[in-house]
Amino acid sequence: MENNNSNNNGRNQKGPQTFIILAAAAIITLMLFSFINNLLVDSSKKQITYNEFLEMVDSGQVKSVEIGSDSITIIPAPTSGNNDSVLTVPIITYYTGIVEDDTLIQRLLDAGVSVEGEIPDRVGFLESLLVSLLPLLLIWLLLSFLFSKMAKGSGMMGVGKSNAKVYVEKETGITFKDVAGEDEAKESLQEVVDFLHNPTKYATIGAKLPKGALLVGPPGTGKTLLAKAVAGEAKVPFFSMAGSDFVEMFVGVGASRVRDLFKEAQKAAPCIIFIDEIDAIGKSRDARYGGDSEREQTLNQLLAEMDGFDTSKGILILAATNRPEVLDKALLRPGRFDRRVIVDKPDLKGRVEILKVHAKNVLMDDTVDLDAIALATSGAVGSDLANMINEAAINAVKHGRQVVSQSDLFEAVEVVLVGKEKKDRIMSKEERRIVSYHEVGHALISALEKDAEPVQKITIVPRTMGALGYVMNVPEEEKYLNTEKELRTMLVKFLAGRAAEEIVFDTVTTGASNDIEKATEIARAMVTQYGMSEKFGLIGLETVESKYLDGKAAMHCGDATAAEVDQEVMRLLKESYERAKQLLTENREALDKIAEFLIEKETITGKEFMKIFHEIKGIPEETDTDSAEEVSGAAKEGGEAVTEIQELPVNLAKEEQDV
Ligand code: ADP
Ligand code: ZN
């Protein structure tokens, strides 16, 4: 969600800081100033007794005196016979207290001393007033400022003021048409729109109206967009706030913000209240996820407000989260967020539609085939796709064209997936050879094993995101399930890069770390989640905890079992590696030929690859593998899309940071 308030916050926080620093600097300067002043005064003035003063007068050592209200300042006469020193030694003036002495003036006049009375020094008085009062004034300003800030923050004085962070839109102007794909989500929100339009219709029958719906799905799938579309369709105002906005350092702020939000919304009803990232406040209150009293208070306030308001007014609360599993059960019970709308990653058709929505305002020529782009971007979410279209438009401008073409789009896909090309990076000949063999190793397995996807492109142009080269595979169709055989082929394919290095160069590099990581992930999931190992059979040893975020899995088995799982995973990987080496050795000629070709060209297409491959194999052209096994697309679970991009990143490219 775009939050126009966050900027303001930043500015507000900068204000007091500079103010405090300035004030402190001013105070310190003033103190220094008066200290130095005192020092100077002290060194050039010396106090003497009245007796000594009279003696000086009598012995003619005094040139002049200045009689003030509380002291007499004495300017001594230059010492006779030592005239040079007058110039070098600074004149020390003396002073002494006033003593009741009527004869003094006559005595001074007799001694030929010039006498001067003091004129009250107005400037000096003001100056001293300023010096003594200014620091106090500054401190007072500072403290009052800090206090007012604290009072506002903690809601002591500003109960109604904290709504600065609420983001209100009178008319979002977004409709369901702007949200592509996500048909199920739109369908279940459609009735909510109807209810906002016409709350009384439902109320008269006696139907209980829904209070809230929870939008659940990975980041960037359009949850905020959907919430805005609901408001836009119903033509009601849209109040939004992120869960994290409620959480502040001071206890009680969150609760008061919840109260404010509902108060404001009730005034504007019918309306939508949208709370993004509700997990920030709605986390389960048990200790497992760490408790904290401020958050609990905020949550309690939210629950109380949800129970308290009258639905017949037409207020609907939408909330978004990508971690539904951590939410407090109290939030989910009927009468609160009882509806759950899943906003999942778009499938092929969804991606095509999202691309179309965003392509609407971009000029495109007729080479553009959005279906092909959608096919190549399995796993991408709405915000990625929107980003790609925009990147493509920028690419077109950069190339000096007026319309976007398919090549711009493909370039954008690659930029989003693997970063920009780094053409200026010069790799040594040997490194280019290694990278080339590594990538062709991956690609050959795809071609050899029928279950793998056909190769689209192979390149050894390094990328900014760390890959030194990669193979782009494009599936012929969207897959929701993977067979065990496919997973095993994937393992072989991931490890084939390393295998090629070992076969050809008889040495291995650090470039396979990412491949190893991915292969291990798959192998582990096969053993612990998919029941695909003979040793463990169908036991579930891991559960995926945050399905919509990183998909990290947590083990729940004894230590001994965990150790055995590791053994089993190792065995699987080892087998796959042996298989990769075997396949590549059997096809050494193809490996060499294609790798040489790739070194020369830097980037080759799938067609060029297959041409060489078929030549060597003696297969006539046009015996395509189009009859790839159909996999039913009925079930959605399990088919975690596996990245189509294999990269050879990191350490081979240690010098990357320097370049
Ligand atoms: P979320 O709230 O789920 O993290 P957003 O709603 O903020 O995601 O989506 C970010 C942007 O991505 C949107 O502004 C929109 O441009 C684009 N987008 C995401 N999903 C879709 C979709 N289904 N249809 C069209 N655009 C989408
Ligand atoms: Zn690799």
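Quick note: structure is the one above.
Computed from a prediction, not measured in an experiment: that's the story for all the values here.

K.L.:
Hey, could you run me through the pattern of salt bridges in this one?
P.N.:
Pairs can form between side chains of opposite charge whenever their charged atoms are close. Applying the stated rule across the entire model yields 23 salt bridges. Of the charged contacts in the structure, one is a salt bridge between E414 and K457, with a shortest N-O distance of 2.7 Å. Note that E414 is positioned in helix α17 (residues 406-418) and K457 in strand β12 (residues 455-459), a separation of 43 residues in sequence. With respect to class, E414 is no different from K457; both count as buried. The salt bridge partner of K581 is E502, with a shortest N-O separation of 3.4 Å. Taken as a pair, K581 in helix α21 (residues 559-586) and E502 in helix α19 (residues 484-505) lie far apart in primary sequence, 79 residues in all. We classify K581 as buried; its relative accessible area is 18%. Here the salt bridges share partners, and the residues they tie into one network are E484, R488, E568, R571 and E575.

K.L.:
What am I meant to see in the coordination of the zinc ion (ligand 2) here?
P.N.:
Six octahedral donors around a metal ideally subtend angles of 90 or 180 degrees, whereas four tetrahedral donors ideally subtend 109.5 degrees. Looking at the metal site, the zinc ion (ligand 2) is ligated by H438 (NE2), H442 (NE2) and D515 (OD), spaced 2.0 to 2.1 Å from it. Judged by relative accessible area, which is 0%, H438 ranks as buried.

K.L.:
Honestly, the environment of L332 in this entry has me stumped. Any pointers?
P.N.:
Position of L332 relative to the elements: it lies in helix α13 (residues 329-332). Using a relative accessible area of 22% as the deciding quantity, one classes L332 as partly exposed. Expressed as a C-alpha distance, the spacing of L332 and A213, which sit 119 residues apart in the sequence, is 9.3 Å. Non-local contacts of L332, meaning those with residues more than four positions away in its chain, are made with L214, L327, F337, D338 and R340.

K.L.:
Help me out: how do you make sense of the packing of α19 against helix α20 (residues 513-528) in this one?
P.N.:
Each pair of packed helices can be described by the angle between their axes along with the distance between the axes. The N-to-C vectors of α19 and α20 enclose an angle of 160°; their axes lie 9 Å apart at closest approach. When the axes of α19 and α20 are compared, the pair comes out roughly antiparallel. For α19 against α20, the interelement crossing comes out left-handed. Counted together, E484, L487, R488, M490, L491, F494, L495 and R498 of α19 and D515, I516, K518, A519, I522, A523 and M526 of α20 form the full contact between these two elements.

K.L.:
Help me understand the nonpolar core, please; the structure alone is not making it clear to me.
P.N.:
The tendency in soluble globular proteins is for nonpolar side chains to be buried as a group. With 50 residues, the main nonpolar core has V440, L444, I458, L491 and F609 as its most contacted residues. When contributions to this core are tallied by element, the ones reaching two or more residues are α18 (429-448), β12, α19, α20, α21, α22 (588-601) and α23 (606-617). The element contributing the most residues to this core is α19, with 11 residues. Setting aside anything within four residues of it in sequence, one finds F609 in contact with V440, A443, L444, A447, I458, I594 and I604. With 28 residues, the next largest nonpolar core counts V362, M388, A392 and F410 among its residues.

K.L.:
In this structure, what is going on with a negative patch on the surface? I would like to understand it.
P.N.:
On the surface, a cluster of negative charge is contributed by E66, D70, E116 and E118. Mapping E118 onto the fold places it in the loop between β5 (114-117) and α5 (122-154). Judged by its relative accessible area of 42%, E118 is partly exposed.

K.L.:
Just checking my understanding: could you explain the pairing of strand β13 (residues 470-473) for this structure?
P.N.:
Each regular strand carries side chains that alternate between the two faces of the sheet. Along β13, one buried face is formed by Y470 and M472 and the opposite face, lined by V471 and N473, is buried too. Pairing analysis gives four bridges linking β12 to β13, with the strands arranged antiparallel. Counterpart to K457 in the pairing with β13 is M472.

K.L.:
I would appreciate a short explanation of the sheet that holds strand β2 (residues 62-67) in the present structure.
P.N.:
The strands making up a sheet are joined through hydrogen bonds of the backbone, oriented either antiparallel or parallel. Taken together, five strands build an open sheet; the order of strands is β1-β4-β3-β2-β5 and the sheet is mixed. With one partner strand each, in any of the chains shown, β1 (45-47) and β5 form the two edges of the open sheet. Recorded for the sheet is a direction-independent mean angle of 25° between the axes of neighbouring strands. Judged from the five bridges that link them, β2 and strand β3 (residues 71-76) form a sheet pairing that is antiparallel. Residue pairing in the sheet places E66 in a bridge with T73 of β3. Across the sheet, helix α2 (residues 50-58) touches β2, β3 and β4 (93-97), and the angle it forms with β3 is around 35°.

K.L.:
Help me understand helix α8 (residues 223-234) in this model?
P.N.:
Because each turn of an α-helix spans 3.6 residues, side chains separated by three or four positions in sequence point in the same direction. In this model α8 runs 17 Å from its N-terminal to its C-terminal C-alpha over 12 residues, within 8% of the 16 Å that 1.5 Å per residue would give. Those residues of α8 lying buried are K223, T224, L226, A227, K228, A229, V230, A231, G232 and A234. Turning to α8, the residues buried within the fold contact β6 (167-169), α6 (183-197), β7 (212-216), β8 (238-242), β9 (271-276) and β10 (315-321). Downstream of α8 by one or two residues, K235 has phi in the positive range, about 55°.

K.L.:
Sorry, what's going on with the packing of aromatic side chains here?
P.N.:
For any two aromatic rings, the description comes down to two numbers: the centre-to-centre distance and the angle of the planes. One pass over the full model with this rule turns up five aromatic pairs. For the ring pair Y437 and F505, a centre distance of 5.6 Å and an interplane angle of 85° mean the geometry is edge-to-face. Here Y437, found in helix α18, pairs with F505, found in helix α19; they are 68 residues apart in sequence, far enough to count as distant. Note on F505: relative accessible area 17%, which makes it buried.

Calculation rules
- Residues numbered from 1 in each chain as written.
- Chains lettered and ligands numbered in written order.
- Predicted model: local features only at pLDDT ≥ 70, side-chain atom pairs only at ≥ 80, totals over all residues.
- Heavy atoms only, no water.
- Salt bridge = Lys/Arg side-chain N within 4 Å of Asp/Glu carboxyl O.
- Helix = DSSP H or I, 4+ residues; strand = E, 2+ residues; numbered from the N terminus.
- Buried < 20%, exposed > 50% of the residue type's maximum accessible area, 1.4 Å probe, protein only.
- Donors = N, O, S within 2.8 Å, 3.2 Å for Na, K, Ca; no water.
- Contact = heavy atoms within 4.5 Å.
- Axes fitted to C-alpha atoms, helices over the stretch in contact; angles between N-to-C directions.
- Parallel < 35°, antiparallel > 145°, perpendicular 65-115°, else oblique.
- Left-handed = near helix turned anticlockwise from the far one by under 90°.
- Core = buried A, V, L, I, M, F, W, Y, C linked by side-chain atoms within 4.5 Å.
- Patch = residues over 30% accessible without salt bridge, like charges linked within 9 Å, V, L, I, M, F, W, Y side chains within 5 Å.
- Areas by Shrake-Rupley, 256 points an atom, 1.4 Å probe, with all protein chains shown as cover.
- Lys, Arg positive; Asp, Glu negative; His and termini not counted.
- Charge placed at Lys NZ, Arg CZ, Asp CG, Glu CD.
- Pairing = 2+ DSSP bridges.
- Expected span 1.5 Å × (residues − 1).
- Phe/Tyr/Trp six-rings, centres within 6.5 Å; stacked < 30°, edge-to-face > 60°.

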